[in-house]
Amino acid sequence: MSIGYLILFVTGTLMARLPREVSIRPSLYDFHKSIAILVMAVLTWRILVLLRVWWRKYTKKFPKFTTEWLKTVALHTSLYIFMWAVPIAGFLLSNSYKSNNVSFFGILLPDIFPQNSAMVEIGRSLHFWLAYTFLAFIILHTIQQRKVVISLWRKFAKAINVQTSLSRD
């Protein structure tokens, strides 16, 4: 999930800054939208699996409603809401701007929202502000999970060092 959203943030930032005359801009938009659809499909599957796990876990034994547990649940719930809301705002922007322009790697998808020029600016603002608020929550989550992040970074650096030393030999 994190790699998918990283790709979406990078391509979204890049394509928004490119001048309209740049030839790869439309292809970048199509790629961005296709990755968004893929990530949303995986996200939907992941949410369904997590709900099943939660149901099985918490029907057997209720959680201890500590402050730490509530903060963790609130943060993760917010992250999942943003993971859904940012692409939906992007679809609102795309569909409002031009009908039938969202495709999944070339397969044209039906519109979720009707074409409506009055909604374009609302969709653009929602997509922008939700994305950067989502990024702020990702940073909070990274800070909260700093021990895990440091451990993963060390494993990644070690794997890179091993790969580099193997390629030298």
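Here the structure is shown first, and the text comes after it.
This one's a predicted model, so the numbers in the text were calculated from it and none came from an experiment.

Participant: Account for the overall build of the chain, with residues named and values stated.
Facilitator: When you go through the chain residue by residue, the secondary structure sums to five helices and two strands. Along its sequence from the N terminus, the chain presents helices and strands in the succession α-α-α-β-β-α-α. Scaling as 2.2 N^0.38, a compact globule of 169 residues should have a C-alpha radius of gyration of about 15 Å, whereas the chain reaches 20 Å, well beyond that. Projected onto its principal axes, the C-alpha coordinates of the chain cover approximately 55 × 50 × 25 Å. Pairs at least 24 residues apart make up 63% of the contacts formed inside the chain by residues separated by at least 6 positions. Looking at the chain as shown, the accessible area adds up to about 12200 Å², and 69% of this sits on carbon and sulfur atoms. Distance between charge centroids for the chain: 16 Å, based on 20 positive and 6 negative side chains.

Participant: I'd like a rundown of the side chain of R25, residues and numbers included.
Facilitator: Topologically, R25 is positioned in helix 2 (residues 25–60). Although R25 is buried, it makes no salt bridge; E21 carries the closest opposite charge, 7.8 Å away. Those residues within four positions of R25 in sequence are excluded, and the remaining contacts are M15, A16, L18, P19 and R20.

Participant: So what's going on with the packing of helix 3 (residues 67–97) against helix 4 (residues 120–144)? Which residues, and what values?
Facilitator: Running from amino to carboxyl end, helix 3 crosses helix 4 at an angle of 155 degrees, the nearest separation of the two axes being 8 Å. Classified by the angle their axes make, helix 3 and helix 4 are roughly antiparallel. In this structure, helix 3 meets helix 4 at a crossing whose hand is left-handed. Residues that form the contact of helix 3 with helix 4 fall into these classes: 18 nonpolar, 10 polar and two charged.

Participant: Just give me the short version of the pattern of salt bridges, but keep the residues and values in it.
Facilitator: Per the stated rule, a full pass over the model turns up two salt bridges. Between E68 and K71 there is a salt bridge; the shortest N-O distance is 3.8 Å. Placement of both E68 and K71 in helix 3 is noted, with a separation of three residues, approximately one turn of the helix. A salt bridge links R124 to E121; its shortest N-O distance comes to 3.0 Å. Of this pair, R124 and E121 both sit in helix 4, three residues apart, which is roughly one turn of the helix.

Participant: I'd like to hear about the nonpolar core, residue by residue, with values.
Facilitator: Y5, L8, V39, L43, L79, M83 and F134 are the most contacted members of the largest nonpolar core, which has 15 residues in total. When residues of this core are traced back to their parent elements, those giving at least two are helix 1 (2–17), helix 2, helix 3 and helix 4. Here this core gets six residues from one element, more than from any other, and that element is helix 3.

Participant: Describe in detail unusual backbone geometry, supporting the description with residues and values.
Facilitator: Residues other than glycine seldom take positive phi values, yet F105 does so here, at roughly 45 degrees. Mapped onto the fold, F105 is located in the loop between strand 1 (103–104) and strand 2 (107–108). F105 sits in the partly exposed class, given a relative accessible area of 48%.

Calculation criteria
Residues numbered from 1 in each chain as written. Predicted model: local features only at pLDDT ≥ 70, side-chain atom pairs only at ≥ 80, totals over all residues. Heavy atoms only, no water. Helix = DSSP H or I, 4+ residues; strand = E, 2+ residues; numbered from the N terminus. Rg over C-alpha atoms; globule rule 2.2 N^0.38 Å. Contact = heavy atoms within 4.5 Å. Areas by Shrake-Rupley, 256 points an atom, 1.4 Å probe, with all protein chains shown as cover. Lys, Arg positive; Asp, Glu negative; His and termini not counted. Charge placed at Lys NZ, Arg CZ, Asp CG, Glu CD. Buried < 20%, exposed > 50% of the residue type's maximum accessible area, 1.4 Å probe, protein only. Salt bridge = Lys/Arg side-chain N within 4 Å of Asp/Glu carboxyl O. Axes fitted to C-alpha atoms, helices over the stretch in contact; angles between N-to-C directions. Parallel < 35°, antiparallel > 145°, perpendicular 65-115°, else oblique. Left-handed = near helix turned anticlockwise from the far one by under 90°. Nonpolar A, V, L, I, M, F, W, Y, C, P; charged D, E, K, R; others polar. Core = buried A, V, L, I, M, F, W, Y, C linked by side-chain atoms within 4.5 Å.

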